[in-house]
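Remarks on the overall topology
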Amino acid sequence: MAAEPAFSSISDAVNSIRHSLSDLCLPDQTHHHHFSFSVPARFSSFAHRLQLVLNQLLRSSSSPSLDDFPPSVHTALKGIAADLVKALDTVSVYKTRSKIFVLINCLSLCSSLHERTSAISGWLALLDSAIVDSPELRKKVADLSRDMKQARFEVTKNEERVHFMLQKEGQERQAKTSKAVQSAIIMDLARSLGIDPENQTELSEQINLLKNDLARSSSLSERRILSSLERIIDNWATEPTISTWKLDLEFDDDDQITPFKNFQCPLTKAVMKDPVVLESSQTYERSAIEYWFERCMEVGRDPTCPVTGMVLGSLELKPNIGLAGAIEEWVNRNVEIQVQAAVKHLSEEAPSVECIERVLDSIYRICEEHPISRHNVRNAGIVVLIVKLLRNSSKIIGSNLRSKALLALLCMAKDEESKEIMLEEGTTRLAIHGLIGSSEKERENAVKLLLEFSSDEACCTKIASEKGALVLLSSIAGNLEHPALSNLAEEVLKQMEKMEDNVQHLAAVGRFEPLLTRLCEGSDDVKIKMATLLGKMTLTNSSKEQIARQGTKTLVEMLSNPEAQAPSLQALCNLSSLDDNATILVDSHVLPALVDILFRNWDPFPELKELSALTIANIVSNPGQWELAYADKEGHSMQSESFVHNLLRLLAVASPRCQVSILHVLYGIASSPQASESVTSHIKSGEGIKIILSFLEHLEVEHRISAFRLARVLSERFGHDLAKELRHSNKLLLLRDKLLNKQSTEGEKSDAACILANLSLLEEEVKVLLGADFVRWAVSTIKIQRCNSGARITRPMSSMLEGLLGLLLHVTRSCDLQTLHAVRENRLMSIFCEQLGFPSKPRVKQLALFGLKNLSECGRLLAARDAEPSPPRGLFSSLVFMCGKASSQPSTCPLHNIPCDEDGQLCLLKCKCIKPLVDLLVVDEDTSVHIAAVEALSTLMFDTSNSFKRAVDELEQLGLVAAVIDLFIEVRPGDLQERLSWMIERILRVDNHNHRQSLNQSLVKALVEAFKHGNTNTKKHAQDALTNLKQLSGVSAKTSSQARSRG
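Report on the accompanying structure. All of these numbers come straight from a predicted model, not from anything done at the bench.

What follows concerns the packing of aromatic side chains. Throughout the structure, instances matching the rule amount to 7 aromatic pairs. Ring geometry for Phe774 and Trp777: centres 5.5 Å apart, planes at 40°, overall tilted. One end of the pair is Phe774 and the other is Trp777, both in helix α39 (residues 772-789) and 3 residues apart, which spans about a single turn. Classification of Phe774 as buried rests on a relative accessible area of 6%. The class for Trp777 is partly exposed, based on a relative accessible area of 27%. Among the aromatic residues, those joined into a cluster by ring pairs are Phe43, Phe46 and Phe153. A cation over a ring is seen here: Arg42 above Phe153, with NZ or CZ 5.5 Å from the ring centre. Positioned over the ring face of Phe101 is Arg97, at 4.6 Å from the centre of the ring.

Right, here's the structure in full:
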């Protein structure tokens, strides 16, 4: 709209009035369509009367000048001029814009003209009061003012209906307008525009005019209306689907019956299935006209007949029985023609792909749109023909045609007799094969067909029995990338879950809910059946955990039922094979029930004891809550004396399988860090050592392996008792022979090595069992293992390595000539040192360090003896043996103060072992390793002679002094602190070192803390060290001297 006009003079106002009225009163022949709307035509009639009144007013003036009019006349004329300008703008919309644009805005346009008419009526009333000389003119002005004031501008009912319908299309919509509603909109719009609804050309022209009008529009609503109208007119222009029955197949055109026009719904343009008559006598498809009525009520307008535009007083829909009968007869005739053509082409030996596709489309449409005709399709044998097509030509026809064939079968499967034929012809297998189709549509139709079949119990069982069916369905159901397909597959599986015969098949693919539901909620017989299934199934770890969480409580309760014990025990045994389930089983109080079965005297079924023992063995295979749980109804724990002794008594009389499990149970509870001490003590007190050793020579491999494992655990605590029993039973050689026997398992070998290593052997036994040949074999085996594994040590290898190093420790405890020869020949010190550079368990490093300690200590003792003034005698002098060939100019070792070389294998310095030992103090974090390393290094600091300063200086250069001090500063009270304080006290005896370290405040502080909080020995060493640092006053020189001499 234009801005509020302002007139500087009465002449300008009068000229504006004349110009506006001339445009309003004289219709523009180019834009004559605005007279098809009643609102602008009515305003034009008021404008014509106003023009006559104004002309008479100007002629009746006695003065030629307009300025002589009274001020009230001036005001009235200026007001009329301004409102006429605005009215002209509104009327120009009717003149220049498209009819559809006017319909979109008809209410606002009508309201604008109504406001202008009312305003002009007010100005005329003011003008009336100023006219006194001309009664005739005054009457005309008064009549026009009254008529304009009483005027009511309203759009027609049809225009209003179309306006609201268009506004509905302009709203932000989430649902697409149906075909029926679109058709009704076109009819209403055409009626308002005065156009024949069938005149698509003129309708399209009006849409294009609207498009031009909205080219610069910023209104989203108007843009949506345009888009909707363009879509509707395109759909409206589509030809009626009366030829959908004609598929270009080879049959006489005369046989094809074209539908009469009255068979088609005016809204859908399709042949009607349920024709109904309105009170306007027009016939429509029931669903189409119901859609139209719903739309009318949505926009708040009275329902109308789309064709006639008649407002309906009643929404009653009367069936057009006669027309429905005629249409049905036409449909049946055409169905018969199409079925005959389909049979003909499907029966051909090599029909074209295009022909098959048209036939399948035709069959699907017949069955979907005319369900009553499905029996015609079935009776014609088309079901069998399509099944044969899928079976014999599946690879040839491709995924698209397979999909259409499955869709046609799906539609026909709604006929029960057709479904039976499909099942007899093996359609389930074909549908299952479709689950792996290359297109999603093929897979979807295959799943839908299986879903249709699954409504029958027999079909469900047949589907489940088909190989791979449940696996494929479960895979599709779990694929969330295609949610629609996933949901369909899930529905099929849920249908199948209703059948008890399918429970096992479903569980086999990981769907345990049906089984678990029946296990927890079913009758006793059903529970037994489900438990039996669980006991026999091979389960994944995740499945075991799921079942244990939901079903363990029920399975434990079933143990009280004699008939259910065997299946429930089998199921519990299966679940217990997962380590993580041990806690769940213990929390479900399974142990008392299992122990009761295991220890009861009467039991005609030994397999129950075997299952109980095996389940307990699985539970205790790892440390967990079982250590604190009750093992029986009396409240004894599994580490109690009563429980252990009962196991030992049962071990002697149990079946072979049960014996193995009992040995596993004993090994499990004896290996637990929390229970080991008490359990091994109870085994010893119950004469278990003798019983267990008797199984070392058992005929069955599993018995021997289990006995060796358990004997190894016992040897760690009762090596002396075990050695005594082995001597008594003459089985010491058995262990060595088992170790050397190539027929022995790796487990037997490693356990035998560890047992021998842990035994308290006599010196003579060491020589007999671990002679020179054995030492060479052990060293060779260690080298081979390291070479084969590179830097990685597996668990069995680590166990074997631990045993072999322990055996070599036996050898290093003696310093006789035979031992020294073996040490030198096999370079044992180098072997021990090499183990420190590999990533190994702390125990392996600890054993290697003990070996270095023993050899270094032996070297120290021999060096002290050979350092005496008496010259060596004979070829076998220990000095010559230790240090190698005598030299005319011997170079003395800084540590031993005698000539040493690497071949002697008794000097840590010459064998380059000190640096690896220092590295352990700096890098390794295990305290036991630190202690062993410090003990090995301590063998270098017993000498307090004048050459001791030289030794300490050498060790300082190698980083030992700094590493020991740094570790001591960080260490807490304990064995390591005691040993470190001893070494530091020795180091600080050297004058230049104590002077330099006296400035190390961290060391002084650590020594003070050790003096305050350490054990007795630590306090003594710390006191002496502080005295050497001159940090303690009141300590006499005599005391210090005594301390030194004691060292």
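And the narrative resumes.
We now examine the packing of helix α9 (residues 200-213) against helix α10 (residues 220-236). At a closest axis distance of 10 Å, the pairing of α9 and α10 adopts a crossing angle of 165°. As far as their axial angle goes, α10 and α9 are roughly antiparallel. Read as a crossing pair, α9 and α10 show a hand that is left-handed. Across from Gln200, Leu203, Ser204, Ile207, Leu210 and Lys211 in α9, the residues of α10 making contact are Leu226, Leu229, Glu230, Ile233 and Trp236. Split into classes, the residues belonging to the contact of α9 with α10 amount to 7 nonpolar, 2 polar and 2 charged.

Let us now look at the state of the cysteines. For the structure on display, the rule yields 1 disulfide. Here Cys815 is linked by a disulfide to Cys858, with a sulfur-sulfur distance of 2.4 Å. Separated by 43 residues along the polypeptide, Cys815 in the loop between α40 (795-812) and α41 (817-826) and Cys858 in helix α43 (residues 842-866) bring together distant segments of the chain. Looking at Cys815, the relative accessible area reads 32%, which means it is partly exposed. Judged by relative accessible area, which is 2%, Cys858 ranks as buried. Free cysteine Cys265: the closest other cysteine sulfur is in Cys305, separated by 11 Å. Residue Cys411 stays outside any disulfide, its sulfur separated by 4.9 Å from that of Cys367, the closest cysteine.

Here the focus is helix α18 (residues 440-453). The α-helix advances 3.6 residues per turn, and as a result positions three or four apart in sequence lie on the same side. For α18, which comprises 14 residues, the first-to-last C-alpha distance of 20 Å matches the rise-based estimate of 20 Å (1.5 Å per residue) to within 8%. Taking burial as the measure, the 14 residues of α18 include 10 buried ones, the bulk of the element. Those residues of α18 that sit buried are Glu442, Arg443, Glu444, Asn445, Ala446, Val447, Leu449, Leu450, Leu451 and Phe453. Looking at the buried side of α18, the elements it contacts are α15 (382-412), α16 (416-424), α17 (427-434), α19 (457-465), α20 (469-477) and α21 (483-497).

Running from amino to carboxyl end, α15 crosses α18 at an angle of 20°, the nearest separation of the two axes being 8 Å. One finds that α15 runs roughly parallel with respect to α18. The two elements α15 and α18 cross, and the hand of that crossing is left-handed. Residues Ser399, Arg402, Ser403, Leu406, Leu407, Leu409 and Leu410 of α15 pack against Lys441, Glu442, Asn445, Ala446, Lys448, Leu449 and Glu452 of α18. Broken down by class, the residue content of the contact of α15 with α18 amounts to 6 nonpolar, 3 polar and 5 charged.

About the cut-offs
- Residues numbered from 1 in each chain as written.
- Predicted model: local features only at pLDDT ≥ 70, side-chain atom pairs only at ≥ 80, totals over all residues.
- Heavy atoms only, no water.
- Phe/Tyr/Trp six-rings, centres within 6.5 Å; stacked < 30°, edge-to-face > 60°.
- Helix = DSSP H or I, 4+ residues; strand = E, 2+ residues; numbered from the N terminus.
- Buried < 20%, exposed > 50% of the residue type's maximum accessible area, 1.4 Å probe, protein only.
- Lys NZ or Arg CZ within 6 Å of the ring centre and 35° of its normal.
- Axes fitted to C-alpha atoms, helices over the stretch in contact; angles between N-to-C directions.
- Parallel < 35°, antiparallel > 145°, perpendicular 65-115°, else oblique.
- Left-handed = near helix turned anticlockwise from the far one by under 90°.
- Contact = heavy atoms within 4.5 Å.
- Nonpolar A, V, L, I, M, F, W, Y, C, P; charged D, E, K, R; others polar.
- Disulfide = S-S within 2.5 Å.
- Expected span 1.5 Å × (residues − 1).

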